[in-house]
Amino acid sequence: GQQVMQIPQYQHVQEGEDFTTYCNSSTTLSNIQWYKQRPGGHPVFLIQLVKSGEVKKQKRLTFQFGEAKKNSSLHITATQTTDVGTYFCAPDRYGNKLVFGAGTILRVKS
Amino acid sequence: KAGVTQTPRYLIKTRGQQVTLSCSPISGHRSVSWYQQTPGQGLQFLFEYFSETQRNKGNFPGRFSGRQFSNSRSEMNVSTLELGDSALYLCASREGRANTDTQYFGPGTRLTVL
């Protein structure tokens, strides 16, 4: 089946530092979605990437889809305490199931 | 539009009991999926319903079942509860079944099995 690996599992940064999480697939993806889950909350949709090499920005967040459509990244510039949470990637459906990566837990020290 | 709602929000049961969780999707959404979230296993897909039919199923034992009603509301049932069933159960709805459709998650039901 489709395998997806998300790294790192955990990152603790100083407020103002940058943060990046990566999602790597063993197979070519048709699209990938990113979600954020705050502590005690539920996953909230952030963005979807569809095209090879696509780059999308949301304020301090930059999302990239690799040229081969096998990997994706989420980069946060100048982290803030409000960025705390777990970031999940969800590659295209395998058998129409939404498969999630294990997530990257981000903690921000102020 | 109102978001996805789930009831109850918290539940405590004992081993061997059964439990039914409810999910009301966003108005107009016909697909409902269920997920189990635990610290050790992350987000695991349980099943998806669309137009009252189960369309996909994850790798969970038959003790986990679900259904969807004509108004798209969905329920999931877990029989003969085990300690390991303690988890956050999340429901997500989407408008259709296209792989580009966004899933919107509910707040979840926190199930504790004692």
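Now for a quick tour of the structure. (Residues numbered from 1 in each chain as written. Chains lettered and ligands numbered in written order. Predicted model: local features only at pLDDT ≥ 70, side-chain atom pairs only at ≥ 80, totals over all residues. Heavy atoms only, no water.)

## Describing the sheet that holds strand E8 (residues 71-76) of chain A
Residues and elements named next belong to chain A.
Logical step 1: Ordered by their spatial adjacency, five strands build an open sheet running E1-E3-E8-E7-E6, and the pairing between neighbours is antiparallel. Where the open sheet ends on each side, the last strands, each with one partner, are strand E1 (4-7) and strand E6 (55-58). The mean inter-strand angle of the sheet, taken between neighbouring strand axes irrespective of direction, is 15 degrees.
Logical step 2: Relative to E8, strand E3 (residues 19-25) is paired through six bridges, and the arrangement is antiparallel. Bridging from a neighbouring strand, Thr20 pairs with His75 of E8. (Pairing = 2+ DSSP bridges. Helix = DSSP H or I, 4+ residues; strand = E, 2+ residues; numbered from the N terminus. Axes fitted to C-alpha atoms, helices over the stretch in contact; angles between N-to-C directions.)

## Details of the interface of chain A and chain B
Logical step 1: Across the contact, 18 residues belong to chain A and 20 residues belong to chain B.
Logical step 2: Approximately 1600 Å² of surface area, both sides summed, lies buried where chain A meets chain B, with 49% of it carried by carbon and sulfur atoms.
Logical step 3: Remark: the boundary between chain A and chain B carries four residue pairs in polar contact (both at pLDDT 80 or more).
Logical step 4: Within the residue set of the side of chain A that touches chain B, elements represented by two or more residues are strand E4 (32-37) and strand E5 (44-49) of chain A.
Logical step 5: The dominant element in the side of chain A that touches chain B, judged by the number of residues it contributes, is E4 of chain A, at three residues.
Logical step 6: By residue class, the composition of the side of chain A that touches chain B is six nonpolar, nine polar and three charged. (Contact = heavy atoms within 4.5 Å. Buried area = accessible area lost by both parts, 1.4 Å probe. Polar contact = N/O pair within 3.5 Å; in protein donor to acceptor, adjacent residues only side chain to side chain. Nonpolar A, V, L, I, M, F, W, Y, C, P; charged D, E, K, R; others polar.)

## A word on unusual backbone geometry
Logical step 1: Following Ile7 of chain A, the chain continues to Pro8 of chain A via a peptide bond in cis, the omega torsion being -5 degrees.
Logical step 2: Omega for the peptide link from Thr7 of chain B to Pro8 of chain B comes to -10 degrees, which places this bond in the cis form.
Logical step 3: Here Pro8 of chain B shows up in the loop between strand E1 (5-7) and strand E2 (10-13).
Logical step 4: Here Glu52 of chain B, not a glycine, exhibits a phi torsion of approximately 70 degrees, which is positive.
Logical step 5: Of note, Glu52 of chain B is situated in the loop between strand E5 (42-50) and strand E6 (53-57).
Logical step 6: Classification of Glu52 of chain B by relative accessible area gives partly exposed; the value is 46%. (Buried < 20%, exposed > 50% of the residue type's maximum accessible area, 1.4 Å probe, protein only.)

## Let's talk about the sheet that holds strand E7 (residues 64-68) of chain B
Residue and element names in this part refer to chain B.
Logical step 1: Judged by pairing direction, the sheet is antiparallel, and its four strands sit side by side in the order E1-E3-E8-E7 without closing on themselves. Each end of this open sheet is capped by a strand with a single partner; those strands are E1 and E7. Averaged over all pairs of adjacent strands, the angle between strand axes in this sheet comes to 20 degrees, irrespective of strand direction.
Logical step 2: Where strand E3 (residues 19-24) lies against strand E8 (residues 74-78), five bridges are found, and the strand directions are antiparallel. For Thr20, the partnering residue across the bridge sits in E8 and is Asn77.

## Quick notes on the nonpolar core
Logical step 1: Trp34, Leu46, Phe64, Met76 and Tyr89 of chain B are the most contacted members of the largest nonpolar core, which totals 21 residues.
Logical step 2: Among the secondary structure elements, those contributing two or more residues to this core are E3, strand E4 (31-38), E5, E8, strand E9 (87-94) and strand E11 (109-113) of chain B.
Logical step 3: Setting aside its immediate chain neighbours within four residues, Met76 of chain B contacts Val19, Thr20, Leu21, Trp34, Leu46, Phe47, Phe64, Ser65, Gly66 and Tyr89 of chain B.
Logical step 4: Listed in part, the 20 residues of the second largest apolar core include Ile32, Trp34, Leu61 and Tyr87 of chain A. (Core = buried A, V, L, I, M, F, W, Y, C linked by side-chain atoms within 4.5 Å.)

## Overview of the state of the cysteines
Logical step 1: Per the stated rule, a full pass over the model turns up two disulfides over all chains.
Logical step 2: A sulfur-sulfur separation of 2.0 Å characterises the disulfide bridge that pairs Cys23 of chain A with Cys89 of chain A. Looking down the S-S bond of the Cys23 of chain A and Cys89 of chain A bridge, the torsion is 60 degrees, so its handedness is right-handed. In this pair, Cys23 of chain A sits in strand E3 while Cys89 of chain A sits in strand E9 (residues 85-91), placing the two residues 66 residues apart along the sequence.
Logical step 3: Here Cys23 of chain B pairs with Cys91 of chain B through a disulfide, and the sulfurs are 1.7 Å apart. Handedness here is read from the sign of the S-S torsion; for Cys23 of chain B and Cys91 of chain B, about -45 degrees, the answer is left-handed. Taken together, the residues Cys23 of chain B in strand E3 and Cys91 of chain B in strand E9 connect sequence positions 68 residues apart. (Disulfide = S-S within 2.5 Å.)

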